[in-house]
Structures are given as C-alpha cells and as structure tokens.
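Residues per chain, in single letters:
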Amino acid sequence: GRDYNILFLCGSLEKVTVTDDDGHIIETFTDNQGKTILTVVVNEEERLETYYVYDNRELLRWVLSPEATHRVGLSSTMDTEALYKYAYYYEYDWL
C-alpha cells in the first residue's frame, strides 16, 4: 500500500492564527510555496481540521473535510468510503 504520512521539515510551514467574529480561533498552515496544507477551527468543544492534498505537480487534488479527517483518522487503513462521502476530489481536464 501507499504511505499516506507526509512529513514537513522544521520551519517549512507557516502558521497564522486569527479569531473570527464568533470567537472561533482559526489556524491556517501554509507551506513555503504559499499552498494551504491545513486549516483548524477551534471553539470551546471542538477542533475541526480540514486538510488540503496536492499531487506531484502541486495541483490541489483532495480537500478532506473535518468529518473525513475524523473518519479517516479513526481507521488503521485509508477509508476510501469516508473519502468519497466526506472529502472533495478535484480532476483537471487538461492533464
């Protein structure tokens, strides 16, 4: 199978934290090329994570919603059913 663990070198991600009008803390992690890798919305009870997955050409391919992140994170293997139900996949006609 594929290895879905991706590591980033120390200092290769930038984190920006803002608070919205409702008091939710929003953390955005971007790589050195400005691509968003992860957004986290934190409120009193939850931490909602949305991941952005790029292909080897640096094109956005998947956006894993908080529900997809939660369900895939609970599985010891890649839960493709959860991805198809709760994630967004992007295809490009010109590739």
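You'll find the structure just up there.
Keep in mind that what you see is a predicted model, and the values were worked out from it rather than measured.

S.K.: Is there a simple way to explain the overall build of the chain in this structure?
M.R.: Each helix and strand counted, the chain has 2 helices and 6 strands in total. Among the 95 residues that make up the chain, the fraction classed as buried is 25%. At a minimum sequence separation of 6, the contacts of the chain that also span at least 24 residues come to 18%. Carbon and sulfur atoms form 50% of the exposed surface of the chain, whose accessible area is close to 7400 Å².

S.K.: What should I look at first to understand unusual backbone geometry in this one?
M.R.: Among all residues except glycine, the phi angle is most often negative; among peptide bonds, the trans geometry is most common. A positive phi angle, near 70°, is found at Glu58, a position not held by glycine. You can see Glu58 is positioned in the loop between β4 (47-54) and β5 (60-64).

S.K.: What is the right way to read the environment of Leu60 from this model?
M.R.: Here Leu60 is to be found in strand β5. The sequence separation of Leu60 and Ile37 amounts to 23 residues, and the corresponding C-alpha distance is 10.0 Å. Setting aside chain neighbours within four positions, we find Leu60 in contact with Tyr52, Val53, Tyr54, Tyr90 and Tyr92.

S.K.: What is the right way to look at the nonpolar core in this model?
M.R.: For soluble globular proteins, nonpolar side chains are generally found buried alongside one another. Of all hydrophobic cores here, the largest spans 7 residues; its members are Trp62, Leu64, Ala68, Val72, Ala82, Leu83 and Ala87. Sequence-distant contacts of Ala68, that is, excluding residues within four places in its chain, are made with Gly73, Ala82, Tyr86 and Ala87.

S.K.: Can you walk me through the pairing of strand β3 (residues 36-42) in this structure?
M.R.: It is a general feature of regular strands that their side chains alternate between the two faces of the sheet. Relative to β3, strand β2 (residues 25-31) is paired through 6 bridges, and the arrangement is antiparallel. In the sheet register, Thr28 faces β3, and the bridge partner there is Thr39. Hairpin connection between β2 and β3: a loop of 4 residues separates the two successive antiparallel strands, and Gly34 in this loop has a positive phi of roughly 85°. Taken together, the 5 bridges between β3 and β4 define a ladder with antiparallel strand orientation. Paired with Val41 across the strands is Leu48, a residue of β4. Counting the residues that bridge the hairpin from β3 to β4 gives 4 residues.

S.K.: Where do I start with the sheet that holds β2 in this structure?
M.R.: The 6 strands are arranged β1-β2-β3-β4-β5-β6 in an open sheet whose pairing can be described as antiparallel. Each edge of the open sheet carries a strand with a single partner, namely β1 (13-19) and β6 (87-89). The mean angle between the axes of side-by-side strands here comes to 15°, regardless of whether they run parallel or antiparallel.

S.K.: Would you take a moment to explain the environment of Thr17 for this structure?
M.R.: Mapped onto the fold, Thr17 is located in strand β1. Thr17 gets classed as partly exposed once you look at its relative accessible area, which sits at 44%. Distance from Thr17 to Val40, taken between C-alpha atoms, is 9.3 Å for residues 23 residues apart in sequence. Apart from the residues lying within four places of it in its own chain, the contact partners of Thr17 are Ile25, Ile26 and Glu27.

Criteria and cut-off values
Residues numbered from 1 in each chain as written. Predicted model: local features only at pLDDT ≥ 70, side-chain atom pairs only at ≥ 80, totals over all residues. Heavy atoms only, no water. Helix = DSSP H or I, 4+ residues; strand = E, 2+ residues; numbered from the N terminus. Buried < 20%, exposed > 50% of the residue type's maximum accessible area, 1.4 Å probe, protein only. Contact = heavy atoms within 4.5 Å. Areas by Shrake-Rupley, 256 points an atom, 1.4 Å probe, with all protein chains shown as cover. Core = buried A, V, L, I, M, F, W, Y, C linked by side-chain atoms within 4.5 Å. Pairing = 2+ DSSP bridges. Axes fitted to C-alpha atoms, helices over the stretch in contact; angles between N-to-C directions.

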